[in-house]
Amino acid sequence: MAGAAPTAKPAPFLKPLDLLDRGVLLAESSLSVVIVAVMIAMGVIGAAGALLSIQNDVTRAVDDVLMNGAIWAAFLGASFATRGRKHLAIDALGRLLPDRARRVMVAVASTLGSVVAAALAYGVYEALIEQGHAVDEQVQGMISSGIEGARVDRGYQFQFMIAAGFGLIAVRLLLHGFHELMAAIAGNVSPAAPPPPAPASGELKIPHEEPDGSPSSPGDESRVAPFEQAGGVEVIIASVALLVPMPLAIGTIAFIPVVVASLAAIASLLVPLYLRHRKTKSIEATSPVPHDYAVVKSPIEPMGALAGVAAVLGVAYFGVQHIGDVSIGAGIAFFAIMALMGAPLFTFLGGLALFLWVHGSDVVPSTPLASAVEDVLGNHFARMSVLPTIPIFTLAGYLMSESNTPKRLVRVARALLGWMPGGLAVVCVLASAAFTVFSGASGITIVAIGGLLFPALIKDGYPEKFSLGLVTSGGALGITIVPCLPLIVYGIVAGLQETPPGVEHVELQKMIVAGILPGLLVVALMAAYAIVVGVTKKIPRSSFDGAEAAAALWEAKWELALPLVVGFGLVVTGPLGAASLT
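The numbering scheme is per chain: residues are counted from 1 as the chain's sequence reads. Whole-chain, interface and lining totals are the exception, using all residues; otherwise, since this is a predicted model, local features are given only for residues with pLDDT of at least 70 and side-chain atom pairs are given and counted only at 80 or more. Excluded from the side-chain calculation are hydrogens and water; included are all heavy atoms of the structure.

Trainee: When you look at the overall build of the protein in this model, what are you seeing that I'm missing?
Mentor: For the protein, the count of helices and strands is 22 helices and two strands. We call a residue buried when its accessible area falls under 20% of the maximum for its residue type, exposed when it is over 50%, and partly exposed in between, using a 1.4 Å probe and counting protein chains only. Within the protein, the proportion of its 582 residues that are buried is 43%. When contacts within the protein are restricted to residue pairs at least 6 apart in sequence, long-range pairs at least 24 apart make up 80% of them. Accessible surface, the protein: about 29700 Å² in total, of which carbon and sulfur atoms supply 69%. Elements are defined by DSSP. Helices are runs of H or I of four residues or more, strands are runs of E of two residues or more, and each kind is numbered from the N terminus. By definition, residues are in contact when any of their heavy atoms lie within 4.5 Å. Only the protein chains shown count as cover for residues, and all accessible areas are computed by the Shrake-Rupley method using a 1.4 Å probe.

Trainee: Even after reading the chapter, I still don't get the side chain of Thr82, so can you show me in this structure?
Mentor: Mapped onto the elements, Thr82 comes out in helix 3 (residues 62-83). Here a polar contact means two N or O atoms within 3.5 Å. Within protein one must be a hydrogen donor candidate and the other an acceptor candidate, and residues neighboring in sequence count only if both atoms are side-chain atoms. Among the polar contacts listed, one links the side chain of Thr82 to the backbone oxygen of Ala78, at a separation of 2.9 Å. Setting aside residues no more than four positions away along its own chain, Thr82 makes contact with His87, Ile169, Arg172, Leu173 and His176.

Trainee: Just to check I follow, could you spell out the pattern of salt bridges for this structure?
Mentor: Salt bridges are counted wherever a side-chain nitrogen of Lys or Arg sits within 4 Å of a carboxyl oxygen of Asp or Glu. Applying the stated criterion across every chain yields a total of nine salt bridges. Across the salt bridge formed by Arg22 and Asp18, the nearest N and O atoms sit 2.8 Å from each other. Taken as a pair, Arg22 and Asp18 lie in helix 1 (residues 15-52) at a separation of four residues, close to a single helical turn. Take Arg22 and Asp18: they sit in the same class, and that class is buried. Between Glu234 and Arg22 there is a salt bridge whose closest N-O contact spans 2.7 Å. Remark: Arg22 occurs in helix 1 and Glu234 occurs in helix 6 (residues 232-243); sequence separation between them is 212 residues.

Trainee: What exactly am I supposed to notice about the environment of Leu470 here?
Mentor: Relative to the assigned elements, Leu470 resides in helix 17 (residues 464-473). In the structure, Leu470 is positioned 24 residues away from Ile446 in sequence and 9.5 Å away in space, judged by C-alpha atoms. When near neighbours in sequence (up to four residues on either side) are disregarded, Leu470 contacts Ala425, Cys428, Val429, Leu457 and Met526.

Trainee: I'm lost on the side chain of Ser239 in this one. Help?
Mentor: Summarising the element assignment, Ser239 is placed in helix 6. The exposure class of Ser239 is buried, given its relative accessible area of 11%. What Ser239 contacts, discounting residues up to four positions off in sequence, is Ile266 and Leu270.

Any link to function would need more than the numbers given here.
Spelled out as structure tokens, the structure:
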């Protein structure tokens, strides 16, 4: 089963490490907010410039700002997700073991995952250093040829964030491994969740859940802003962490952007902290997280955990030094077992790819680590113009899911289509398709739309299996209609592939157009099937209410305008402008 590993509650951190890590998390979140805000602003400026045919230094810098901002936002977000164990993982083996053994397995998987993340960080760093040497040689060649003052592209300097992001992920995975081992040695067992209360007679309740399956409510910790959970200590740690990139960027073209973004992020923390102190006479967190720190009962616990982590790292180091002696089959089996133990999927895929490149074969020669990751930094990927659409569309989908958009879409569809045969089922189909288009995640659609409509479908008399199939399959509807993220990601990856002579190269713009008709056809077929079920099961219909339809349309006016905004942006400014306008 894929999900966030581990299946049980992660082991608590030691208090000093927990405070330090939460401070770094706060720094990452505040810097991400600044970067995404700048990306959206620059995207709108670029779209306006393209629409009005304006060309100046600002509009010419839009592409670089968005591409580099996408890289920074992506790796800051990936590092942030590591703390909450939100990376996709296959936790099949852990489910079969008792809690103590599961913790040991998760610790080993996390430690091995940290080795892969560290290898990726080192490979990216070495590749960028080599690229820097190549640029310096190019400059020296120009000077020796009498060419001075020529501009040389040093945009690669922004990509050191990739190495830093992988490095932070490696450290966090290592911390998880250490604390899981310490909890296993101490014999700490995750408390079993209490059984949910039985629903009242005739009542079917489906609690709202987050995409990872955890229950969610307005007071849930996962729905509270990070700053509200932070006190003065975390803010100070975050501010210091935000100062670290500045000296590292001295002498690079990234220095000024890094200084501006870091200072803006620090201001976004210190100003609210000052206002909080003025209001409450305190700098403590307004919504503090539960204090669930690891308690050391004996020195054996941390020492044993350190020894265990060191042993796993030692075995990994030995394997890396003798990688040529490992058969390809054994290497594939090792990474497959690592994935089944609960290591994040990206470490399984990335580690396996690095192993195959570095190991080589009779046909493919062994490739140095830096060269193995070099293609990721090339112009055809890291500097693709459509790459920044992913975080921007993701933000749009998140805002929609958090702003009661599903309820408004369901109200509109029900007001307009509830009178039809199978009206409520058709509402479910259309609302699911519309929400998936903008959220990009079928799981979120199933929870958001299904949580609203599944009880209503059962109440209206639809068969339970049909209702369950409708809300679960509805999450996949609209996945081929822009701006759905899987379509964009697939278009980006497909566009990277080498095409043989005579075969047309995949272009994202053409894929967007090609996906519209199949997507609409699938939605129409599902709606037709829903109508058939409504007729054959003699489901009662509701009468059309003009006043309710008008009120529902007015309430959802902004959501209903989004397809027009996206279509206008695609035609006039391209995918990037459409994402920014959305």
